[in-house]
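# Structural description and commentary
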Amino acid sequence: MLRFYTYEGIVEALDGINLNVLENETLGLVGETGCGKSVTSLATMVVVIPPGKMEKGRILLKYRDKMINLLKQDDAFLRIIRGGYLSMVFQEPRAYLNPVYTVRDQIAEVLMVHKRKELLQTVLESLRTGRKEKGLTGSSFEMKNYERMLEKPNSFVTKILCKIPRSQRRLNEEVRKEVIRILREMEIPDPDRVAEMYPHELSGGMAQRAVIAMALVCSPTLLIADEPTTNLDVTIQAQILNLVKRLQERSKSSVLYVTHDLGVVAEICDRVAVMYAGNVVETANVFDLFKKPLHPYTRALLESIPRPGKEFKSIPGTVPGLIDPPKGCRFHDRCAYAMEICRKMKPPFTEIEKKHFVACHLYGGKK
Ligand code: SF4
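None of these values were measured; they are calculated from a predicted model.

How each quantity is defined
Residues numbered from 1 in each chain as written. Predicted model: local features only at pLDDT ≥ 70, side-chain atom pairs only at ≥ 80, totals over all residues. Axes fitted to C-alpha atoms, helices over the stretch in contact; angles between N-to-C directions. Helix = DSSP H or I, 4+ residues; strand = E, 2+ residues; numbered from the N terminus. Parallel < 35°, antiparallel > 145°, perpendicular 65-115°, else oblique. Left-handed = near helix turned anticlockwise from the far one by under 90°. Contact = placed C-beta atoms within 7 Å. Nonpolar A, V, L, I, M, F, W, Y, C, P; charged D, E, K, R; others polar. Pairing = 2+ DSSP bridges.

### As for the packing of helix α10 (residues 204-216) against helix α11 (residues 234-251)
- Running from amino to carboxyl end, α10 crosses α11 at an angle of 15 degrees, the nearest separation of the two axes being 11 Å. Classed by the angle they form, the pair α10 and α11 counts as roughly parallel. The two elements α10 and α11 meet at a crossing, and its hand is right-handed. Between α10, through Gly 204, Gly 205, Gln 208, Ile 212 and Leu 216, and α11, the contact on the second element is made entirely by Ile 236, Gln 239, Ile 240, Leu 243, Val 244, Leu 247 and Ser 251.
- Residues that form the contact of α10 with α11 fall into these classes: seven nonpolar, five polar and no charged.

Written out as structure tokens, the structure reads:
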């Protein structure tokens, strides 16, 4: 349960939602604006700030073959988890890129926090190979330094040793090569030039690719993509969707794809969760959801997709305010099938068909 304590009152933003993302799966999270999709993403990253407060519940992540509850971890551990295991791509990339650093510096920062050990290892290997080729034996001062850094790659001493000019030069060169490789993987033309650009010099599509590069650089367990293509034109949107799909397959990451665009869901998701006013009301395989939507809200959402030659339908009313949300089923004010019980009792989230869950009194609820 997630609440925001505001001057107007307590906003019940998330009310007992139950979501799981399976390994290597893309789960689409859909719903109208204001239904709690983005707040769910922020809660998953454990970055909800006051006046927001997670009051109950668990956020479980598989970490080294065991499940850990992120809400019980300290800030230092969460910093390792964010970026390394959980990453996020935002709707407006320029708002999340630092305007005073180049693309290279920003990707390099992620690499230095999460992949310092691998980078040090690569530099050490190249030093060893270089000395062998020159017929030199024994350890040089520089190699000893790298061996010491590798023992404790994230220690304070390592951070100091990294600042020794020659070590810094070699490490920076390795980081630069890695950044260029990643930008090339993002299908960014002329990556050497783009790496030296500032965010304001990038087009919308390029800025989004840079943010995706930062998010995927460490092959996270879960990538949360919060409407990453909303502000892009359709051709760039298609390229970004293909890119995310391809990189996900390669890195074996799971993806939580937040969107209000059902076309995008049909294109890239394996499963879908539909949200309404801080509740998940239906989850199903993408084919089942489009073929046989069960919840009245899901049906209304699908009917409101504009189709040529068909009358345009919209859902009557608006999403209710969450300071004093409707009792029982939060959709009852707008539902054509509402019954007496819907106004009094919250419907349970029940498996109606195989792996198809719905929260609605029409299915197995008491009348
Ligand atoms: Fe409609 Fe009742 Fe089902 Fe809610 S529980 S969606 S009000 S029928």
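### A short note on the sheet that holds strand β10 (residues 271-276)
- Spatially, the eight strands line up as an open sheet ordered β7-β8-β9-β3-β10-β11-β13-β12, and their pairing is mixed. If you trace the sheet from one side to the other, it starts and ends with β7 (86-89) and β12 (349-353), each paired once. Averaged over all pairs of adjacent strands, the angle between their axes in this sheet comes to 20 degrees, without regard to strand direction.
- As paired strands, strand β3 (residues 26-30) and β10 are joined by four bridges and run parallel to one another. From the neighbouring strand, Val 30 faces β10, where its bridge partner is Val 274.
- The strands touched by helix α1 (residues 37-44) are β3, β7, β8 (222-226), β9 (254-259) and β10; relative to β9, the strand with the most contacts, the crossing angle is about 150 degrees.
- Contacts from helix α14 (residues 296-303) reach β10 and β11 (279-285) within the one sheet, and its direction differs from that of β10 by about 100 degrees.

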